[in-house]
Amino acid sequence: MEQETYDSYVAILEEELVCAMGCTEPIAVAYCAALARQALGALPERVEVAASANIIKNVKSVVVPNTGGARGIEAAAAAGIVAGNADAKLEVLAGVTPEQIKEMDGFLATRKVTVTPSERPWIFDIQVRVEVAGRTAFCEIAGSHTNVIRLERGVEVLLDNPYENAAEGEADGTDRSCLSVEKIVQFADEVNLDDVKQVLGRQIACNTAIAQEGLHGNWGAGIGKVLLEAYGDGVANRAKAWAAAGSDARMGGCELPVVINSGSGNQGLTASVPVIVYAQELGVSHEELLRALVVSNLITIHLKTGIGRLSAYCGATSAGAGAAAGITYLYGGRAHEISHTVVNAIAIDSGMVCDGAKASCAAKIASAVEAGLLGMQMQSQGKQFYGGDGIVVKGVENTIRNVGVLAAQGMRETDRTIIELMCGTSAC
């Protein structure tokens, strides 16, 4: 593999596989609010939040961690202002104390927090303006969860990082055009594991821990527990149940961190936990697990690149295909087998919509993993979907491009309709 491509793949993994505590959209709101409060230098009397529709959709129904079970943008902003550590970025609420949770309740009861739709044309936009005694501060995040594009203290501009990629709704990062299924598998075979073992080791530890918490605790709709109770302890069901259980806990406000993928903790869980379960079942070496996780994570990122951070297309679908690719790798499959697995998986489950972050995400993860495993079983038995079968066209890369067009362009009206059904004309 060319060194430039190799280095890009390592950088992509480091950029995408980062720790976050809680659903990443409310955490991004809390992070933005914490930065605004930090710039203000005092507890504000008034808070104004403007957010794009997809942010509003994803924050509406999910529990914000370390808030005592609170939901919504107002709670996320209050948590960031009262107790957030802006330096911790997506772990901004990790250090909240019980006393600070009480302060959040008091803050919301005595201060005015308003939420309005953003007038920006971007899919991902968060703006927080805070005010006290005639002094103001402002912070804006666009494109991705930690991409701060503007920070002001009164008339003083502390940071100005113009956001250019409005059409895709993505923040700039390492160029993803170098990604392909064939090169991803080659990279997994050749990578010096010292270059990736830290980030992947963290993913294994964090995502396994929250999956176990979801199975043992009382979180969300308990999808992971339901799956094990109803369908037994076979490896395929365990792969679905463990991944779903992690989401049960995460959507329920569990404070344990998750290593995310493509900006999403649910996608991070889906891309990793089933691969870990299968690796344990097959008794493979730790090194082989790491290489399989390279495949699953990079395939997920490859699928998500054309879709964007947020859309009406459920991101678990891409991650389920990525997980199946990683599991296929564990069974000895390489580019040919993995390509067929991915095409089969996305052909099966590409109609699943995203209607915001909430308890049912765990069930959608189970569905996505099931689609991926079915796609893997199809290819292992010489069965496949062919070009002309719906959105499937000849060649895995062409099919992946079709999925990006479907999700990023074709489902825009679907997204608007979902948001209208969830929120009406209000800001939820």
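Residues numbered from 1 in each chain as written. Predicted model: local features only at pLDDT ≥ 70, side-chain atom pairs only at ≥ 80, totals over all residues. Heavy atoms only, no water.

**Structural notes on the environment of isoleucine 81**
Rules: Where helices and strands are cited, they refer to DSSP runs of H or I of at least four residues and of E of at least two residues respectively, numbered from the N terminus. The classification of residues rests on relative accessible area computed with a 1.4 Å probe and restricted to protein chains. Under 20% of the type maximum is buried, over 50% is exposed, and intermediate values are partly exposed. Contacts are residue-level and defined by heavy atoms, with any inter-residue pair within 4.5 Å sufficient.
Position of isoleucine 81 relative to the elements: it lies in helix α4 (residues 73-83). Looking at isoleucine 81, the relative accessible area reads 2%, which means it is buried. Sequence separation between isoleucine 81 and valine 132 is 51 residues, and the spatial gap between their C-alpha atoms is 13 Å. If we skip the residues at most four places from it in the chain, isoleucine 81 touches Ala33, Arg37, Leu43, Pro44, Val47, Phe107 and Val130.

**Focus on unusual backbone geometry**
The residue asparagine 66 is not glycine, and still its phi comes out positive at about 60°. Structurally, asparagine 66 can be placed in the loop between α3 (53-59) and α4. On the accessibility criterion, asparagine 66 (10% relative accessible area) is buried. For alanine 133, which is not glycine, the phi dihedral falls at a positive 50°. Here alanine 133 lies in the loop between β4 (125-132) and β5 (135-142). According to the relative accessible area criterion, alanine 133 is exposed, its value standing at 65%.

**Focus: the nonpolar core**
Test applied: By convention a nonpolar core is built from buried Ala, Val, Leu, Ile, Met, Phe, Trp, Tyr and Cys residues, the set being connected through side-chain atoms within 4.5 Å.
Leu93, Val128, Phe187 and Leu298 are the most contacted members of the largest nonpolar core, which totals 134 residues. Excluding anything up to four places from it in sequence, leucine 298 contacts Tyr9, Ile12, Leu13, Leu179, Ile184 and Phe187. Ranked by size, the runner-up nonpolar core spans six residues in total, among them Leu227, Ala241, Ala244 and Ala366.

**Looking at the packing of aromatic side chains**
What counts here: Any Phe, Tyr or Trp ring, taking Trp's six-membered ring, that has another such ring centre within 6.5 Å forms a pair; planes under 30 degrees apart are called stacked, those over 60 apart edge-to-face, and the others tilted.
Applying the stated criterion across every chain yields a total of four aromatic pairs. Considering the side-chain rings of tyrosine 6 and phenylalanine 187, the 5.2 Å spacing of their centres and the 65° angle between planes classify their relative orientation as edge-to-face. Here tyrosine 6 is found in helix α1 (residues 3-16), whereas its partner phenylalanine 187 is found in helix α6 (residues 181-190), with 181 residues between them in sequence. With a relative accessible area of 13%, tyrosine 6 lands in the buried category.

**Considerations on the pattern of salt bridges**
Threshold: Between Lys or Arg on one side and Asp or Glu on the other, a salt bridge is scored when a side-chain nitrogen of the former is within 4 Å of a carboxyl oxygen of the latter.
Applying the stated criterion across every chain yields a total of 17 salt bridges. Salt-bridge contacts for lysine 57 lead to aspartate 415; the nearest nitrogen and oxygen are separated by 2.8 Å. You can see lysine 57 sitting in helix α3 and its partner aspartate 415 sitting in helix α16 (residues 412-423), a full 358 residues away along the chain. A relative accessible area of 1% means that lysine 57 is categorised as buried. Here aspartate 189 and arginine 334 are joined by a salt bridge, their closest N and O atoms 3.2 Å apart. In this pair, aspartate 189 sits in helix α6 while arginine 334 sits in the loop between α12 (315-330) and α13 (335-349), placing the two residues 145 residues apart along the sequence.

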